[in-house]
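Here is how the chains run, residue by residue.
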Amino acid sequence: MRHFRFLFVFAAAAFLDAAEASAQLAPGKVALVIHGGAGTILRASMTPEREREYREKLTEALNTGYQILLKGGSSVDAVEATLRVMEDSPLFNAGKGAVFTSAGTNELDAAIMDGKTLKAGSVAGLHTVRNPISLARRVMDHSRHVMMIGDGAERFAREQGLELVSPHYFWTERRWRSYERSRDSAEKARSGKKGSGSLEADKKYGTVGAVALDKEGNLAAGTTTGGINWKEYGRVGDAPIIGAGTYANNASCAVSATGQGEIFIRRTVAADICARVKYLRQSVSQAAEDVVMKELVTVGGEGGVIAMDRLGNIATPFNSAGMYRGWVAADGKLIVKIYKDD
């Protein structure tokens, strides 16, 4: 039995960055970890130019949030600013780079949570808010609610003076081509013909997220996304669901997830990881690994998470081929990775 357990752990290690930044922080130190989505991300399908673009943007996002933390800014401030950088980039499925619904529109979701107060803000089904993560922050800080959706959320955005844009702002050729492939496949499937594309052809869970620890020892987590390609009927995934795709609690840890949203919701992935840290006294690395590499795998759930505890221990496990990710931990060294063998 002991030999079997060793083999399982060894196999799982090939798919995760367990405790990649496990050094504990001295008092007053800060840390930040981000992800840009998980899925079928392979070296063979990535051009050198596109890989460089991803690494540069991940680096920019990390630097943005880290500088806020170094200057004494809050973990919530760092998470929001970091994710705004990623929302403004067409590289990621959030904000500017959002995928299209089956109706040919963009619907954006986001959430943010403060680990000190357990306050949270969440938004879904947005069409004109340039930075959904900032609206989620306003819901948390300037309303008596946790979640707002659709027209009501956009009305609140106007009242709060947030930047609104034309729905066309979110259009990108890359995402539109993916939409067209899915539309072609769906139409041929309805007619009984074999489609040239697939609804799973672009199998990347493009949610982006950030987790931060500030000088006061407070955690925060945020997640923002355009959802999944060809989603229907106002579908909302795990990103804006507190406890599923986003969770933060100073008493345990903070988590942002990326993956198959429906499964992550059913398994309350983010809250589960934090509960294991709090009640089972597991390390954040062990808790995240057990949920992603065992619990999710048993039900066919693909994706990954970023997680951090109050000591600055970071975990970034994923069971997919790759996950855009990066962090700055106790030593202040900035690390960016994409593939499982980085």
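Within every chain, residues take consecutive numbers counted from 1 along the sequence as written. The model is predicted, so local features are restricted to residues of pLDDT at least 70 and side-chain atom pairs to those at 80 or more, both for listing and for counting; the totals for chains, interfaces and linings are taken over all residues. Calculated side-chain values reflect all of the structure's heavy atoms, with hydrogen atoms and water omitted.

## A word on the pairing of strand β11 (residues 303–309)
As a reminder of what qualifies: Throughout, exposure labels follow a simple rule: accessible area from a 1.4 Å probe, protein chains only, divided by the maximum for the residue type, with under 20% read as buried, over 50% as exposed, and the rest as partly exposed. Strands are runs of DSSP state E lasting at least 2 residues, helices are runs of H or I lasting at least 4, and numbering of each runs from the N terminus. When DSSP finds two or more bridges between a pair of strands, those strands are recorded as paired.
Most of β11 sits inside the fold, with seven of its seven residues counted as buried. Side chains G303, V305, A307 and D309 project from β11 onto one buried face, and the interleaved G304, I306 and M308 project onto a second face that is buried too. Across seven bridges, the pairing between strand β10 (residues 253–259) and β11 is antiparallel. Directly across from V255, in β11, lies its bridge partner A307. Judged from the two bridges that link them, β11 and strand β12 (residues 314–317) form a sheet pairing that is antiparallel. Note that in β12 the partner of A307 across the bridge is A315. As consecutive antiparallel partners, β11 and β12 are separated by four residues, and within that stretch G312 has a phi angle of approximately 90 degrees, a positive value.

## Some details on the packing of helix α2 (residues 48–70) against helix α3 (residues 75–87)
Threshold: To get an axis, a line is fitted to the C-alpha atoms, and for a helix only the part in contact is used. The angle between two axes follows their N-to-C directions and goes from 0 to 180 degrees. When describing relative orientation, an angle under 35 degrees is termed roughly parallel and one over 145 degrees roughly antiparallel, while 65 to 115 degrees is termed roughly perpendicular and anything else oblique. Left-handed is the label given to a crossing in which the near helix is rotated counterclockwise from the far helix by less than a right angle, and right-handed is the label when the rotation is clockwise. It only takes one pair of heavy atoms within 4.5 Å for two residues to be counted as in contact. Residue type decides the class: Asp, Glu, Lys and Arg count as charged, Ala, Val, Leu, Ile, Met, Phe, Trp, Tyr, Cys and Pro as nonpolar, and the leftover types, Gly among them, as polar.
One can describe the packing of α2 onto α3 by two numbers: an axis separation of 8 Å at closest approach and a directional angle of 160 degrees. The pairing of α2 with α3 is recorded here as roughly antiparallel in orientation. Considering how the two elements wind past one another, α2 and α3 form a crossing that is right-handed. Residues K57, L58, E60, A61, T64, G65, I68 and L69 of α2 form the contact with α3, whose participating residues are S75, D77, A78, A81, T82, V85 and M86. Class assignment of the residues belonging to the contact of α2 with α3 gives a composition of eight nonpolar, four polar and three charged.

## With respect to the environment of T101
One can find T101 in the loop between α3 and β3 (108–114). You can call T101 buried: its relative accessible area is 4%. Sequence separation between T101 and G226 is 125 residues; the distance between their C-alpha atoms is 9.0 Å. For T101, the residues in contact, after removing those within four places along its chain, are E107, Y179, W230 and K231.

## Comments concerning helix α8 (residues 269–279)
Rules: Directions are taken from the helix axis to each C-beta atom, and the arc is the one they span.
Along α8, the positions that sit buried rather than exposed are V269, A270, I273, C274, R276 and V277. Projection of α8 onto a plane perpendicular to its axis shows the buried side chains occupying an angular sector of 155 degrees, all on one side. The secondary structure elements touched by the buried residues of α8 are β9 (246–248), β10, α7 (261–266), α9 (284–298) and β11. Downstream of α8 by a residue or two, R281 has a phi angle that is positive, lying close to 60 degrees.

## A look at the confidence of the model for the protein chain
Where we set the bar: A residue's pLDDT is the predictor's confidence in that residue, given on a scale from 0 to 100.
The pLDDT averaged across the protein chain works out to 91; a share of 89% of its residues lies at or above 70. Counting contacts from residues 1–16, a segment whose pLDDT is below 50, to residues more than four positions away or on other chains yields 14 contacts.

## Observations regarding the packing of aromatic side chains
What counts, and what does not: Only centres within 6.5 Å qualify two rings of Phe, Tyr or Trp (six-membered ring in Trp) as a pair; their planes then separate them into stacked at under 30 degrees, edge-to-face at over 60, and tilted for everything else.
The final tally for this structure, using the stated rule, is eight aromatic pairs. Judged by centre distance (4.9 Å) and plane angle (80 degrees), the ring pair of F100 and W176 falls under edge-to-face. Here F100, found in the loop between α3 and β3, pairs with W176, found in helix α6 (residues 173–190); they are 76 residues apart in sequence, far enough to count as distant. Assessed through its relative accessible area of 3%, F100 is described here as buried. Measuring from ring centre to ring centre gives 5.1 Å for Y169 and F170, while their planes differ by 80 degrees; the resulting arrangement is edge-to-face. On the accessibility criterion, F170 (0% relative accessible area) is buried.

## Quick word on the pairing of β3
Both faces of the sheet carry side chains from a regular strand, because those side chains alternate between them. In terms of burial, β3 is a largely internal element, seven of the seven residues being buried. Burial of the side chains of β3 extends over both faces: L108, A110, I112 and D114 are buried on one face and D109, A111 and M113 on the other. Where β3 meets strand β4 (residues 120–126), five bridges bridge the pair, whose relative direction is antiparallel. Residue pairing for β4: A110 is matched across the bridge by V123.

## Concerning the pattern of salt bridges
Going by this rule: Between Lys or Arg on one side and Asp or Glu on the other, a salt bridge is scored when a side-chain nitrogen of the former is within 4 Å of a carboxyl oxygen of the latter.
Counting across every chain of the model gives 21 salt bridges. With a shortest N-O distance of 3.2 Å, D88 and R130 are connected by a salt bridge. With a gap of 42 residues between them, D88 in the loop between α3 and β3 and R130 in the loop between β4 and α4 (132–142) connect regions that are remote in the sequence. Note on D88: relative accessible area 29%, which makes it partly exposed.

## Section: unusual backbone geometry
Despite not being glycine, L118 shows a phi value in the positive range, around 65 degrees. As for its position among the elements, L118 is in the loop between β3 and β4. Residue classification places L118 among the partly exposed residues on the basis of a relative accessible area of 40%. Unlike most non-glycine residues, T268 shows phi in positive territory, near 40 degrees. Here T268 lies in the loop between α7 and α8.

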